[in-house]
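Structure assessment
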Amino acid sequence: DLEPFSARPSQLKTFVAASIKCDFDRSVQIARDGLLINPKNATLLNNLAYSEAARGNPHAALAALTRIHPEGLEPSLEVAILATAGLIEIRSGNVDKGRQLYRDAAFRAANYGLFRSQCVAIANLAKEELRLRSDNGEALAKEFDGCLEEHQLSADPWMIVTRAQIETVATE
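What comes next is a walk through the structure. These numbers come from a predicted model, not from an experiment.

**Focus on the overall build of the protein**
The secondary structure content of the protein amounts to nine helices and zero strands. Counting helices and strands in the order they occur from the N terminus, the protein gives α-α-α-α-α-α-α-α-α. Taking 2.2 N^0.38 as the reference for a compact globule, 172 residues should give roughly 16 Å; the C-alpha atoms of the protein span a radius of gyration of 15 Å, in line with that estimate. Its C-alpha atoms give the protein principal-axis dimensions of roughly 45 × 35 × 30 Å. Of the contacts made within the protein by residues no fewer than 6 positions apart, 54% connect residues no fewer than 24 positions apart. For the protein, the exposed surface amounts to about 9,200 Å²; the carbon and sulfur share of it is 52%. Looking at charge distribution, the protein has the averaged site of its 19 positive side-chain charges lying 5 Å from that of its 23 negative ones.

What follows is the structure, given as structure tokens:
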């Protein structure tokens, strides 16, 4: 059972809106509403930052991300924050720094045994590289596929959606 002021419903809704539906405007609104009750919730702040960056507002994204207190974060959230920082840097024009942050997120995820998070970090970097029309995009899409195979995640519903998103970005 959820408590009346639990952040969990907003966390799940922002995840679905942003990561599954790519409805970043909706995700931002849900995150903002959730933060009214839970203003220091690191997951909601990260999801807000990710969605702001994805919809082209890197300054608002950075403002949300810098509100997170890094002490005592769960490894999965630590990885997500690193990846979000990568997205913010890329969308701010600091492509090399963003690439490195995404790579750091994937490396840290692998070290923690968070293989789904590792694959997602690679996928999100692939989407950004494809969006930028860089030479790295297709190789990263293949690296994502390899990550899925290596960790037996090819049939994971979230990974199937993520693969379709990569294909959509590649053909835009």
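**Remarks on the state of the cysteines**
What the rule picks out here adds up to one disulfide. For Cys-22, which is in no disulfide, the shortest distance to another cysteine sulfur is to Cys-119 and amounts to 18 Å.

**A look at the environment of Glu-52**
Checked against the element boundaries, Glu-52 lands in helix α3 (residues 42-54). Separated by 39 residues in sequence, Glu-52 and Arg-91 have C-alpha atoms that sit 10 Å apart. Sequence-distant contacts of Glu-52, that is, excluding residues within four places in its chain, are made with Val-28, Arg-32, Asn-57, Pro-58, Ala-60 and Ala-61. Within the local environment of Glu-52, its side chain forms a polar contact with the side chain of Arg-32, the two groups lying 2.7 Å apart.

**Notes on the packing of helix α4 (residues 58-65) against helix α5 (residues 75-91)**
The geometry of α4 relative to α5 is characterised by a closest axis approach of 9 Å and an angle of 155° between their N-to-C directions. Judged by the inter-axis angle, α4 sits roughly antiparallel to α5. Between α4 and α5 the crossing geometry is left-handed. Of α5, the residues touching α4 (which contributes Pro-58, Ala-61, Leu-62 and Leu-65) are Ile-81, Thr-84, Ala-85, Ile-88 and Arg-91. By residue class, the composition of the contact of α4 with α5 is seven nonpolar, one polar and one charged.

Calculation criteria
- Residues numbered from 1 in each chain as written.
- Predicted model: local features only at pLDDT ≥ 70, side-chain atom pairs only at ≥ 80, totals over all residues.
- Heavy atoms only, no water.
- Helix = DSSP H or I, 4+ residues; strand = E, 2+ residues; numbered from the N terminus.
- Rg over C-alpha atoms; globule rule 2.2 N^0.38 Å.
- Contact = heavy atoms within 4.5 Å.
- Areas by Shrake-Rupley, 256 points an atom, 1.4 Å probe, with all protein chains shown as cover.
- Lys, Arg positive; Asp, Glu negative; His and termini not counted.
- Charge placed at Lys NZ, Arg CZ, Asp CG, Glu CD.
- Disulfide = S-S within 2.5 Å.
- Polar contact = N/O pair within 3.5 Å; in protein donor to acceptor, adjacent residues only side chain to side chain.
- Axes fitted to C-alpha atoms, helices over the stretch in contact; angles between N-to-C directions.
- Parallel < 35°, antiparallel > 145°, perpendicular 65-115°, else oblique.
- Left-handed = near helix turned anticlockwise from the far one by under 90°.
- Nonpolar A, V, L, I, M, F, W, Y, C, P; charged D, E, K, R; others polar.

The values are spatial; any link to function lies outside them.
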